[in-house]
Amino acid sequence: MVAHAEIRVVHRGGSKINFREPVITNDSRFLLCASGESVKVYSSSSEECVHDLQGHTDLVSGIVRNPSNHLQVYSCSADGTVRLWDFTDGILIKVQPRSLPKSFSITASFLGVCVSSELFQLVAVHLPRSGDQEVEARELSAVLCDVSPSGAVSFGREVRVVGLPGTSVANKSLSGNKKGAKNAFTCVSCHPKEDCIATGHEDGKIRLWRNFNQKKEYTYSTLHWHHGAVNTLQFTPEGTNLLSGGIESVLVQWRYTQENQKDFLPRLGGAITHIAVSPDGSLFCTSHSDNKITIIQSCVKVSAIIQGLVKGEGVRTDLMIDPRSKALVLNGKPGHLQFYSLPRDKLLYNLDIVQQEYIHEEGLDQFEVVKAAFDTRGDWLATVEERTQKGSELEINLKLWAYNEQTQSFVLNTTVTAPHEDQITAMCFSPSPETTMLVTISFDGHFKAWLLADHSDTEEGASWSCDFVGGYHLLKPGCCCFSADGSLLAVGFQEVVTVWSPSWELLTTLSQPPGAIRDLCFGRLSCSKYLLGTSTKNQLCCWNLLTCSLEWSTPVDVSLLQADPLSENMAAFCSQSGCSDLFVFKPGESRPLYSQRALCTGKVQHAVFAPRDQMLESCEEHAQWLNRSQLYFLTQHMDLMTFSTKTEEDRLLASSKRLMVDDSVAVTPFYLLLGKHRQQQQQEALTNPMAERIQLPQGSIAIKELLYTPAHVLPSASFLCSMFVRSLLISSSCRWRHGEENLIQRIRFKNWSCAGHHTLAVSEYPY
């Protein structure tokens, strides 16, 4: 009996890169940031991800450079471990488990915020030095015991710690201000050389506290430019400048000695959440609320932009997969669709749908992309944008985009103004290869079929027109779905499911228990005879289209029903007790293939099956549904999650670099290279001890002269080159001995292939 492997829910692809402050290496060549359960190493010049440091089993919560080795970094995670990495080669060097419930962050002095069920406190963790790859850190000491879970921590000179808002001195100094003033602390930064602390506040002010650790009375001065809350502060390494950022998307650089002088770098995109500075001060880095990192050269110009998956307050277009690029498509920037590559974890491009300048002003009504759909081949894209203004009617535009081979993007082909009289609730393309047709349904009580006209015989371009308008007893349709071959269209009108033919003939109606139809989905492949639907009365129903009868039903609150396009499997996300459960099943079978309780908190409203580039070969029955496709879903907190099997993790582990270091030998770069090479040679000798190897001549005079003669007395390069090449040549007698068998095989092959011409000149072969 095969043991079942555990399926884990992981952050892989599309994770937040603005979760924590990024880290810039000493030479400013690389940028490291926490991204889900891994640490990503980006090139500061090319913006490419050069390494993905994987090994943690929970969210990475902090990264810090190793003070004793500029090529190494520490990372901590919510899994309770601290890991040491060589980020240039992507090698895991050491794992240090910690006997703590959870690790929240890590700082330059190897201090972590430990979160327990009752207390938030700042503790110092001593990392022991050992040659073992796994060493447990046991020495802990409390530093601050009154740190708020939403507070900020900063380290100054002589490792002095400042935590907010747990400092009673700071609270006392602001207590005399006007009642109702927004003086709450938002961020803190310590001066690297002087006794000065900078704090940011909700009212947009920055206060510089001096003589804070002196016996005499402390003082503070106020800087004010931000009109919103100050999100982040950072001193430069020499302490000459102070950097601040907020919701204005402007990086402000304050002169420390001349507080009235400041420089601005505007129009950086989203609100600034973190600021990082390279150790030499030549490179700045800002993290933004739209999951973007901007690399700036000394507050002068933007040199590179690293864009992650943009996830706003809500995704109205659902999750889709582009049939051509296999990219994840959903709402991106306001008025745009983003095409995101999940395997590469990189934004491909943004498609401007609204094609209007977006104005960042609260309360202003602007067009939003609410619906989108691809056809089967990826030749056409349909989008719906709408805008609701106070005291006016709803504005709706239906746009159809054609894929352009030259630009490798979609180009607007047709715009339909006011395609329906009310809000469009759903739309889908017909998968039939004979015609290209789009169906839209609306609360106005109608569904419309839009047909692409064929102008291949004329010089006219492609055009769309309304081919049919349908309805059912003045009921409002809520969902629609095509069968896998495009021969049937199912439209849900409140409590009735209608089934239509391609000639727009109403074939049958299907009834179900009370409750409006929320979602419809056809079965695929061997289960194509089934039609599944969910209702608002917590019912999941399955109809047999051959008998036009209810096959089965079960009382369950299904918030989302998703079909795998490459198999018969279906995924149903069910809501229960404030959490979401997952059931993967085939419509024709009574037992689910896979189920998991309490998948995440809240309801799952968006999910999609993404085809794999390389098929998994998992032999466990409950994991085979992940062999062809990978299921992604968005949580209530806009985290993109997926499922990982043991087979997939073993493949990732085998492809990554992992070196086991011997404790008895000093660890040097030469040892790591030479020791690995010797291990490979020993394994080859054990597996094939009789293998013959041609040994090159050792002790060559030319090689010795090249290596051991001082450079200033060496002869010319042309003389050495010819002598060096001659030393590498093997004598004819040696070549004959080692190539005798190969020569006989070539003669036989030549005689067989000449078809009657059996003469062969040995001089053709250099033996």
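As the structure is a prediction and not an experimental result, all values here were calculated from the model.

1. A few points about the confidence of the model for the protein chain
Thought 1: Confidence in the prediction for the protein chain averages 80 pLDDT; 74% of positions are at 70 or higher.
Thought 2: Scored below 50 in pLDDT, residues 107–111 shows 21 contacts in the model against residues more than four places distant or in partner chains.

2. Side note on the packing of aromatic side chains
Thought 1: Applying the stated criterion across every chain yields a total of 24 aromatic pairs.
Thought 2: Aromatic pair Y594 and F643: ring centres 6.4 Å apart, planes at 80°, arrangement edge-to-face. Linking Y594 in strand β51 (residues 594–601) with F643 in strand β54 (residues 640–644), this pair joins segments that are 49 residues apart in sequence.
Thought 3: Under the relative-accessibility criterion, Y594 is labelled buried at 9%.

3. A word on helix α5 (residues 717–728)
Thought 1: Helix length check: α5, at 12 residues, gives a terminal C-alpha distance of 17 Å against a target of 16 Å (1.5 Å per residue), a fit within 8%.
Thought 2: Turning to α5, its buried residues are L720, M723 and S727. Viewed end-on, α5 has its buried residues packed into an arc of 70°, placing them on one side of the element. Away from the buried face of α5 by more than 90 degrees, exposed residues A717, S718 and R726 are located.

4. Section: the environment of E385
Thought 1: Tracing the sequence through the fold places E385 in strand β33 (residues 380–387).
Thought 2: Sequence separation between E385 and V354 is 31 residues, and the spatial gap between their C-alpha atoms is 7.2 Å.
Thought 3: Side chain to side chain, E385 and K399 meet in a polar contact 3.3 Å long.

5. Regarding the nonpolar core
Thought 1: Membership of the largest hydrophobic core comes to 20 residues, with the highest contact counts inside it found for F573, L582, W625, L631, F633 and F643.
Thought 2: Here this core gets three residues from one element, more than from any other, and that element is β51.
Thought 3: Those residues in contact with L631, other than ones at most four positions away along the chain, are A571, F573, L582, A607, V608, F609, W625, L626, M641, T642 and F643.

6. With respect to the state of the cysteines
Thought 1: A complete count under the given rule lists zero disulfides for this structure.
Thought 2: With no disulfide of its own, C190 has C196 as its nearest cysteine by sulfur position, at a separation of 8.9 Å.
Thought 3: Look at C190 and you get buried, because its relative accessible area is 9%.

7. A short note on the pattern of salt bridges
Opposite charge on two side chains permits them to pair, given that their charged atoms come into close proximity.
Thought 1: Scanning all chains against the criterion turns up 17 salt bridges.
Thought 2: Between R387 and E395 there is a salt bridge, and its shortest N-O distance comes to 3.1 Å.
Thought 3: Since its relative accessible area comes to 18%, R387 is described here as buried.
Thought 4: Accessibility expressed as a relative area gives 29% for E395, which makes it partly exposed.
Thought 5: By sharing partners, the salt bridges in this structure join R324, R377, D379 and E405 into a single network.

Thresholds, definitions, all that
Residues numbered from 1 in each chain as written. Predicted model: local features only at pLDDT ≥ 70, side-chain atom pairs only at ≥ 80, totals over all residues. Heavy atoms only, no water. pLDDT = per-residue confidence, 0-100. Contact = heavy atoms within 4.5 Å. Phe/Tyr/Trp six-rings, centres within 6.5 Å; stacked < 30°, edge-to-face > 60°. Helix = DSSP H or I, 4+ residues; strand = E, 2+ residues; numbered from the N terminus. Buried < 20%, exposed > 50% of the residue type's maximum accessible area, 1.4 Å probe, protein only. Expected span 1.5 Å × (residues − 1). Arc of directions from axis to C-beta. Polar contact = N/O pair within 3.5 Å; in protein donor to acceptor, adjacent residues only side chain to side chain. Core = buried A, V, L, I, M, F, W, Y, C linked by side-chain atoms within 4.5 Å. Disulfide = S-S within 2.5 Å. Salt bridge = Lys/Arg side-chain N within 4 Å of Asp/Glu carboxyl O.

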